[in-house]
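Fold and geometry: a report
Letter by letter, the chains look like this.
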Amino acid sequence: MPLDDSIWDVVIVGGGAAGIAAAASLLKRKPSLSIAIVEPSDRHYYQPAWTLVGGGCFNQADTCRSTASLIPANAKWIRSRATRLLPQQNQVELENGRHLGYHTLIIAPGLELHWGAIAGLEETLGKNGVTSNYRYDLAPYTWECVQNLKQGRALFTQPAMPIKCAGAPQKAMYLSCHHWEEQGCLDNIDVHFHNTGGVLFGVADFVPPLMEYVKRYNAHLNFTSELIAVNGPAKTATFRDTNADGETHERHEAFDMLHVVPPQRAPEFVRNSELANEAGWVAVDEATLQHPHYANVFSLGDVCGASNAKTAAAVRKQAPVVAENLLAYLDKRPMTARYAGYGACPLTVEKGKVVLAEFGYGGKLQPSFPLNPVVPRTSMWWLKRYAMPRIYFSLMLKGHEWLAGPEKR
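Throughout what follows, the structure given in this document is the object of discussion. This one's a predicted model, so the numbers in the text were calculated from it and none came from an experiment. The numbering scheme is per chain: residues are counted from 1 as the chain's sequence reads. Local features in this predicted model are restricted to residues of pLDDT 70 or higher, and side-chain atom pairs are both shown and tallied only at a pLDDT of 80 or more, whereas totals for entire chains, interfaces and linings draw on every residue. Values reported for side chains reflect all heavy atoms of the structure, with hydrogen atoms and water molecules removed beforehand.

1. Section: the overall build of the chain
Our working definition: Each helix corresponds to a stretch of at least 4 residues labelled H or I by DSSP, and each strand to a stretch of at least 2 residues labelled E; elements are numbered beginning at the N terminus. Atoms counted for the radius of gyration: C-alpha only. Globule rule: 2.2 Å times the number of residues to the power 0.38. The criterion used for residue contact is that any of the two residues' heavy atoms lie within 4.5 Å. Areas reported here follow the Shrake-Rupley algorithm with a probe of radius 1.4 Å; residue values treat only the protein chains shown as occluding.
Within the chain, the regular secondary structure consists of 9 helices and 23 strands. Taking 22 Å as the expected radius of gyration for a compact globule of 409 residues, we find that the chain reaches 21 Å, a close match to that expectation. Intrachain contacts of the chain at a sequence separation of at least 6 include 66% that bridge at least 24 residues. Summed over its atoms, the accessible surface of the chain is roughly 16700 Å², and 48% of this surface lies on carbon and sulfur atoms.

This is how it looks when you write it as structure tokens:
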């Protein structure tokens, strides 16, 4: 492996799902590559299960493993934080001032949860009935709040897109409502879903089955309604509503439980780099996942600026594409691997049933199974609850590309 003043074949910024999966896929194809993974955290989280933790269906501890146990054996883990991307110099600057040189760069640090964008939220998270399944330490508190609520008002929010796992805000609502239904207290709970956007789900095919559950749980939908402030002790939430003419007004709602999904954005060192697009995400060609101006730069995962849904399932399809195209670049061959925008959102509409939403660019359905994809199924619950964690840890992060081979041009 290179010394500090040497140049790595590949530097990967980010050692989460995307970074580790990309490293594993690369090393599967070419074990001799020198790869450095820049990742500050010593803990790795299986975030797709946090919704289940918040619904009392999954053990919190099982979503966490050590980063060291998941880094591929032939890759070098550099436990530090990237602070600047310097593509003109083919370097990444770390928080200690060190510079890593590279022949190719993969940007995969995930995204940033912007809790501070909602006034008063950070001070009350984890108490006063205010919670979020988007944090490891708060998902169990969600389940505690759900169990303790017997009557009153429960609010669930969704910020402006893009966010990771766009179905997670409403999945929290469905699992909570199903528990209250089973306990016989749903009729005593006033459920509201506040969505900053204008539709329940971005792919129209899945809206009808979801609406059946909205009606079943008697949940009230509030579109173009953005959470802007929370007063935890007073148990009030402030929303900015926008009407069809673009006019806005603010209103306050009391709550007994508030499940918040924060606005999300790319990390600052990405937003401020010349590799970012206008929205702050890493600019890429949607098919090859290569940067449009710096040919030796690739990106995948939540920070990637492609128009796909930001899900762990997307990474499973993106990693082989990046691996094949990066190696083609190094070997001066044409890039033939293509990413069709695949993403998957297992919509847990009740404990024991899931609508498996699989789709690509433009909302085109990409089902993996010969079944009607809009039907809630027990088999898809089994896939979500039991199979997917194993697929994630034992296949995706190990470079085993089951049902994930890249399309070829």
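Text resumes after the structure shown.
2. Some points on empty space enclosed by the protein
Worth spelling out the cut-off: Here a cavity means grid points, on a 1 Å grid over the protein atoms only, where a 1.4 Å probe fits yet cannot get out; a pocket means an open set of points with protein on both sides within 12 Å along at least five of seven lines; lining residues are those with an atom within 4 Å of a point. Grid points are joined across faces, edges and corners, and a volume is the space filled by probe spheres set on the points. Residues were grouped as follows: Ala, Val, Leu, Ile, Met, Phe, Trp, Tyr, Cys and Pro as nonpolar; Asp, Glu, Lys and Arg as charged; and all remaining residues, including Gly, as polar.
Considering all chains together, one arrives at 2 cavities of 30 Å³ or more under this definition. Val354, Leu356, Glu358, Pro367, Phe369, Leu371, Asn372, Pro373, Val375, Arg377 and Met380 are the residues that line the largest cavity. Counted by class, the lining of the largest cavity contains 8 nonpolar, 1 polar and 2 charged residues. Here the second largest cavity is characterised by a volume of approximately 50 Å³. Along the wall of the second largest cavity there are 11 residues; nearest its centre are Ser25, Arg316, Met396, His400 and Glu401. If you tally residues by element for the lining of the second largest cavity, the top one is helix H8 (residues 312–330), at 3 residues.

3. Thoughts on the sheet that holds strand S16 (residues 248–254)
How we decide: A pair of strands is labelled paired if DSSP reports no fewer than 2 bridges between them. Every angle, taken between N-to-C directions, lies between 0 and 180 degrees, and every axis is a line fitted to C-alpha atoms, over only the stretch in contact when it is a helix.
The 3 strands lie next to each other as S14-S15-S16, forming an open sheet whose pairing is antiparallel. Since the sheet does not close on itself, it has two edges, and those belong to strand S14 (225–231) and S16, each with one partner. Across this sheet, the average inter-strand angle for adjacent strands is 25 degrees, counted without regard to direction. Relative to S16, strand S15 (residues 236–242) runs antiparallel, the two being bridged by 7 bridges. Bridging across to S16, Ala237 finds its partner in Glu253.

4. Looking at the packing of aromatic side chains
Stated formally: Think of it this way: a Phe, Tyr or Trp ring, Trp meaning its six-membered ring, pairs with another when their centres are within 6.5 Å, and the plane angle makes it stacked under 30 degrees, edge-to-face over 60, tilted otherwise. Here's how the labels work: a residue is buried when its accessible area is under 20% of the maximum for its type, exposed when over 50%, partly exposed in between, all with a 1.4 Å probe on protein chains only. Both a distance and an angle decide whether a charge sits over a ring: NZ of Lys or CZ of Arg must be within 6 Å of the ring centre and within 35 degrees of the ring normal.
Considering all chains together, one arrives at 11 aromatic pairs under this definition. With centroids separated by 6.4 Å and ring planes inclined at 40 degrees, the aromatic side chains of Tyr174 and Tyr217 adopt a geometry described as tilted. Of the two residues, Tyr174 is situated in helix H5 (residues 168–183) and Tyr217 in the loop between helix H6 (207–216) and strand S13 (220–223); the sequence distance between them amounts to 43 residues. In this structure, Tyr174 and Tyr217 share a single accessibility class: buried. When the centroid spacing of 5.9 Å and the interplanar angle of 45 degrees are considered together, the rings of Tyr213 and Tyr217 count as tilted. Note on accessibility: Tyr213 and Tyr217 belong to one class, buried. Clustering of aromatic rings is evident, with ring pairs tying together Tyr45, Trp50 and Tyr136. The ring of Trp281 has Lys310 lying over it, and the distance from NZ or CZ to the ring centre is 4.2 Å.

Fair warning: the whole summary comes from geometry, so function is off the table for now.
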